[in-house]
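Below are the chains, spelled out letter by letter.
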Number of protein chains: 2
Amino acid sequence: MEIKKVAKGEFVQKPDELKHKIIHVVTGLLRMYLVDDDGKEHIYMFAPEGWTLSDFAAIAESKKSIFYIDAIENSQIEIITKGVDEKIPRTLDEYTDQTIEMMGRRIATLQNRVVMLLSFSALDRYKQFIATYPDIVNRVPQRMIASYLGITPQALSKIRGQKNTKR
Amino acid sequence: MEIKKVAKGEFVQKPDELKHKIIHVVTGLLRMYLVDDDGKEHIYMFAPEGWTLSDFAAIAESKKSIFYIDAIENSQIEIITKGVDEKIPRTLDEYTDQTIEMMGRRIATLQNRVVMLLSFSALDRYKQFIATYPDIVNRVPQRMIASYLGITPQALSKIRGQKNTKR
DNA sequence: AAATGGCGTTAACCTAGATTAATAAATCTA
DNA sequence: TAGATTTATTAATCTAGGTTAACGCCATTT
């Protein structure tokens, strides 16, 4: 396990790297995102202090990751590196309590995210985001929140205008 | 743990029940879905043989579930029931290898789903679905696939027409 | 076999959010 | 601190997919 400082804007991972990374954020704030065929960024998740980032699907399927990971703030992180073909632990005693807890939280988060993307309007997604991650809201630019919500910065700007006049 | 037969169309869970359920599918096919404020159904996941269904977020947050679960085919299932306030296991030795494996697969699946919902067009979502779940495609009505993809049955029908003529 | 109800398809119209573009404010950099 | 770059906002226009509605096809029930 490697401890590292990353400056704002610095990359920790790029797609197609030959090693998988599991990144634990000690201080600061990172983001994990993909770039689609049209060159558009889509933020998969933010990771503030205490969160862990990794491409579970890539590790599970022994594929290369499609995600970029970079720092939104100067951060301190711990990195565990594994070969692309290295298998996920197969039995219980290869796991730690901490890993299990992280997995449970991750499933709950992803589940809520899918429900939101499936059934909420852009406005409701935004409301839920600020209710769920009030601290993140003030630490990242609007356009990244828009990207996380699956809408354009322009649409988010419009929504915020409406939201304020409607009260 | 309770073993049960459920007939096609029969409910296994409805929202707001006072017990959480973890459902393992032995044979057959179930679906887990929610109904939004406009009365529209959104399918969260399908569960054929070997899959496990549960509302992780509700269990993690000790809340009541928002999901319906019912049988698409006559099925045989195993149900584990827990009180709504009953805590998720806290330490490793309360887990089984099987549970851990299920969690890993679930994260990978959900991650792929979020990426798809964030960055794919309706057509690409459909293509990815039939590539990933070829067997499910022929076991569920189109309208349910549409619901899973986050589009209307009419939109899916149109897409399928295009897809065929474009070759 | 008629009636009922679910399902898939097609088509006309509509709307939430995307796209494009222009501007101003904030932030970075030399 | 001047210039360059990024960000947020507003507005005009466009479009993927939603909505509504009608029709035909199977199944199931009577």
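The rules behind each value
Residues numbered from 1 in each chain as written. Chains lettered and ligands numbered in written order. Predicted model: local features only at pLDDT ≥ 70, side-chain atom pairs only at ≥ 80, totals over all residues. Heavy atoms only, no water. Axes fitted to C-alpha atoms, helices over the stretch in contact; angles between N-to-C directions. Helix = DSSP H or I, 4+ residues; strand = E, 2+ residues; numbered from the N terminus. Left-handed = near helix turned anticlockwise from the far one by under 90°. Contact = heavy atoms within 4.5 Å. Near = heavy atom within 4 Å. Polar contact = N/O pair within 3.5 Å; in protein donor to acceptor, adjacent residues only side chain to side chain. Domains from an automatic or database assignment. Buried area = accessible area lost by both parts, 1.4 Å probe. Salt bridge = Lys/Arg side-chain N within 4 Å of Asp/Glu carboxyl O. Pairing = 2+ DSSP bridges.

1. So, the packing of helix α2 (residues 97-119) of chain A against helix α2 (residues 97-119) of chain B
Two measures define how a pair of helices packs: the angle their axes make with one another and the distance between the axes.
Piece 1. Across the interface, α2(A) lies against α2(B) with an axial gap of 9 Å and an inter-helix angle of 30 degrees. The way α2(A) lies across α2(B) gives a crossing that is left-handed. Residue-level contacts link A:I100, A:M103, A:G104, A:R106, A:I107, A:L110, A:Q111, A:R113, A:V114, A:L117 and A:L118 of α2(A) to B:I100, B:M103, B:G104, B:R106, B:I107, B:L110, B:Q111, B:R113, B:V114, B:L117 and B:L118 of α2(B).

2. Observations regarding the protein's contact with DNA strand D
Piece 1. Surveying the vicinity of DNA strand D reveals 14 residues, the closest of which are A:Q142, A:R143, B:A122, B:T152 and B:Q154.
Piece 2. Atoms of DNA strand D within 4 Å of the protein: sugar and phosphate make up 73%, bases the balance.
Piece 3. In the environment of DNA strand D, a sugar or linking oxygen lies 3.3 Å from a nitrogen or oxygen atom belonging to the side chain of A:S157.
Piece 4. Residue B:G150 places a main-chain N or O atom 3.5 Å away from a phosphate oxygen belonging to DNA strand D.

3. Considerations on the domain arrangement of chain A
All names here are of chain A.
Piece 1. Assigned domains of chain A: these are domain 1 (1-87) and domain 2 (98-167).
Piece 2. Its C-alpha centre places domain 1 at a distance of 20 Å from the equivalent point of domain 2.
Piece 3. The interface of domain 1 with domain 2 comprises 18 residues on the first partner and 15 residues on the second.
Piece 4. When the buried surface of domain 1 facing domain 2 is broken down by residue, I43, F46 and F56 rank first, second and third, together holding 35% of it.
Piece 5. Remark: the boundary between domain 1 and domain 2 carries 2 salt bridges.
Piece 6. Ionic pairing is found between E73 and R139, a salt bridge with its closest N-O pair at 2.8 Å.
Piece 7. The interface formed by domain 1 and domain 2 contains 9 residue pairs in polar contact (both at pLDDT 80 or more).

4. Examining the sheet that holds strand β5 (residues 41-48) of chain A
Piece 1. Spatially, the 4 strands line up as an open sheet ordered β2-β7-β4-β5 (chain A), and their pairing is antiparallel. Where the open sheet ends on each side, the last strands, each with one partner, are β2 (11-13) and β5 of chain A. On average, each strand axis in the sheet is tilted by 30 degrees relative to the strand beside it, whichever way the strands run.
Piece 2. In terms of strand pairing, strand β4 (residues 29-35) of chain A meets β5(A) through 7 bridges, oriented antiparallel. If you follow A:V35 over to β5(A), its bridge partner there is A:E41.
Piece 3. α2(B) rests against β4 and β5 of chain A of the sheet, and its axis sits at about 135 degrees to β5(A).

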